[in-house]
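Reading the structure
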Amino acid sequence: MPEAKTKPLRVLAVANQKGGVGKTTTAINICAALAAVGEKVLLIDADPQGNASTGLGVPRHMRAKTLYDVLMDGVSIADAAVQTELPGLKLLPSEPDLSGVELELGQTPRRSFKLKDALAAVRAEESYSYALIDCPPSLNLLTINAMTAADAVLVPLQCEFFALEGLTQLMRTVELVKGSLNPALQIQGVVLTMYDRRNSLSAQVARDVREHFGDKVYETIIPRNVRVSEAPSFGKPALIYDLKCSGSQAYLKLARELVTRERVERASAV
Ligand code: ADP
Ligand code: MG
């Protein structure tokens, strides 16, 4: 049965080449929050480690077709996407073989456009209102594909001493993609994650990031919260594992802020 039409798709790449900054956690929980308020959401797991797939309770035996098949063998996203526990949320899973894509695509024409080309059908069907791409911790061809396919980049930053380090490189990559592959690409926002209010360094980092990125930085700050880190081992978004915990509440607030920003973007796109 064809799915009901929804509003035009917005594609957000969740990217930061540093590992462990909260990309996957942020992607999963924003997707869960959006699905909970009735949006049709697709999470694209673009990390060969498959943390988003595991964290959403899709074990390897349920990943019949993956992003690898979509990028390399022309399998449609509609055929590869798996339903998650949340009715409004589907997952395009990944497996370790995804790490071979860089080498296997070699100098293939449109190697940077593989994901964008696959998403064209999804955009045309209008079966989703949001797709979030959980990028790997690297600025490799997978991240380039994500940025080329995306409308905007969402950058999670961990509140730690080296938070701003490496961001120059990330911003340079965004500019590079903008200059050649995807002129419309924007920075959707910067999210401060794993904030520890007992640590004065966290507050200092938050101030520095706001100074640097101004109102691109979301008001909502995600606190360090043990419930958030436990949730993936149960294959559930924190929002489902423990809705009341401070981390889930913060992600709900962040999603509300994100929707407000997106509403402005959608309105100006018309
Ligand atoms: P990335 O995708 O950038 O590598 P993850 O989202 O996987 O980062 O997060 C790295 C680790 O930190 C994971 O073990 C995750 O469970 C944990 N984590 C992420 N966000 C929080 C948080 N707000 N509070 C506590 N732990 C967190
Ligand atoms: Mg990750």
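Source: prediction; values computed, not measured. (Residues numbered from 1 in each chain as written. Chains lettered and ligands numbered in written order. Predicted model: local features only at pLDDT ≥ 70, side-chain atom pairs only at ≥ 80, totals over all residues. Heavy atoms only, no water.)

Thoughts on the overall build of the chain
Summing up its helical and strand segments, the chain has twelve helices and seven strands in all. Taking 2.2 N^0.38 as the reference for a compact globule, 270 residues should give roughly 18 Å; the C-alpha atoms of the chain span a radius of gyration of 17 Å, in line with that estimate. With respect to the three principal axes, the spread of C-alpha positions in the chain is 50 × 40 × 40 Å. Partitioning the contacts of the chain with sequence separation of at least 6, the portion at a separation of at least 24 is 78%. Carbon and sulfur atoms form 55% of the exposed surface of the chain, whose accessible area is close to 12200 Å². The distance from the centre of the 31 positive side-chain charges to the centre of the 30 negative ones in the chain is 4 Å. (Helix = DSSP H or I, 4+ residues; strand = E, 2+ residues; numbered from the N terminus. Rg over C-alpha atoms; globule rule 2.2 N^0.38 Å. Contact = heavy atoms within 4.5 Å. Areas by Shrake-Rupley, 256 points an atom, 1.4 Å probe, with all protein chains shown as cover. Lys, Arg positive; Asp, Glu negative; His and termini not counted. Charge placed at Lys NZ, Arg CZ, Asp CG, Glu CD.)

Details of the sheet that holds strand β3 (residues 82-83)
Sheet architecture is open: seven strands sit in the order β3-β4-β2-β5-β1-β6-β7, paired in mixed fashion. The outermost strands of the open sheet, each flanked by one partner alone, are β3 and β7 (186-193). Bridge analysis of strand β6 (residues 152-158) against β7 gives seven bridges, and the strand direction is parallel. From the neighbouring strand, V153 faces β7, where its bridge partner is I187. Running at roughly 175° to β6, helix α8 (residues 167-180) makes contact with β6 and β7 of the sheet. (Pairing = 2+ DSSP bridges. Axes fitted to C-alpha atoms, helices over the stretch in contact; angles between N-to-C directions.)

Some remarks on the layout of surface pockets
Roughly 520 Å³ of volume is contained in the largest pocket. Along the walls of the largest pocket sit 30 residues, with G22, K23, T24, T25 and M194 positioned nearest its centre. In terms of residue count, the dominant contributor to the lining of the largest pocket is helix α1 (residues 23-36) (six residues). Across the lining of the largest pocket, the residue classes break down as twelve nonpolar, 14 polar and four charged. (1 Å grid on protein atoms, 1.4 Å probe; cavity = no way out; pocket = protein on both sides within 12 Å on 5 of 7 lines; lining within 4 Å. Points joined across faces, edges and corners; volume = space filled by probe spheres on them. Nonpolar A, V, L, I, M, F, W, Y, C, P; charged D, E, K, R; others polar.)

Quick notes on the site of ligand 1
Around ligand 1, the surrounding shell holds 14 residues, and the nearest of these are G20, K23, T24, T25 and N225. Side-chain polar atom of K23 to an oxygen atom of ligand 1: 2.9 Å apart, as the coordinates give it. Relative to its unbound accessible surface of 550 Å², ligand 1 loses 79% to contact with the protein. When atom positions are compared with the pocket grids, ligand 1 is found to occupy the largest pocket. Elements supplying a minimum of two residues to the shell around ligand 1: α1 and α10 (226-230). Among the elements that make up the shell around ligand 1, the one with the highest residue count is α1 (three residues). In terms of residue class, the shell around ligand 1 is built from five nonpolar, seven polar and two charged. (Near = heavy atom within 4 Å. Polar contact = N/O pair within 3.5 Å; in protein donor to acceptor, adjacent residues only side chain to side chain. Sits in = over half its atoms within 2 Å of the grid points.)

Describing a nonpolar patch on the surface
A cluster of nonpolar side chains, F161, F162 and L201, forms an exposed patch at the surface whose accessible area comes to about 310 Å². Looking at the secondary structure, you find F162 in the loop between β6 and α8. (Patch = residues over 30% accessible without salt bridge, like charges linked within 9 Å, V, L, I, M, F, W, Y side chains within 5 Å. Salt bridge = Lys/Arg side-chain N within 4 Å of Asp/Glu carboxyl O.)

Remarks on the packing of aromatic side chains
One pass over the structure, following the stated rule, counts two aromatic pairs. Between F161 and F162, the ring centres sit 5.0 Å apart and the planes meet at 65°, which makes this aromatic pair edge-to-face. With relative accessibility at 60%, the residue F161 sits in the exposed group. We classify F162 as partly exposed; its relative accessible area is 43%. Over the face of the ring belonging to F113 we find R110, whose NZ or CZ atom lies 4.5 Å from the ring centre. Looking at R261, its charged tip hangs above the ring of Y218, at a distance of 3.7 Å from the centre. (Phe/Tyr/Trp six-rings, centres within 6.5 Å; stacked < 30°, edge-to-face > 60°. Buried < 20%, exposed > 50% of the residue type's maximum accessible area, 1.4 Å probe, protein only. Lys NZ or Arg CZ within 6 Å of the ring centre and 35° of its normal.)

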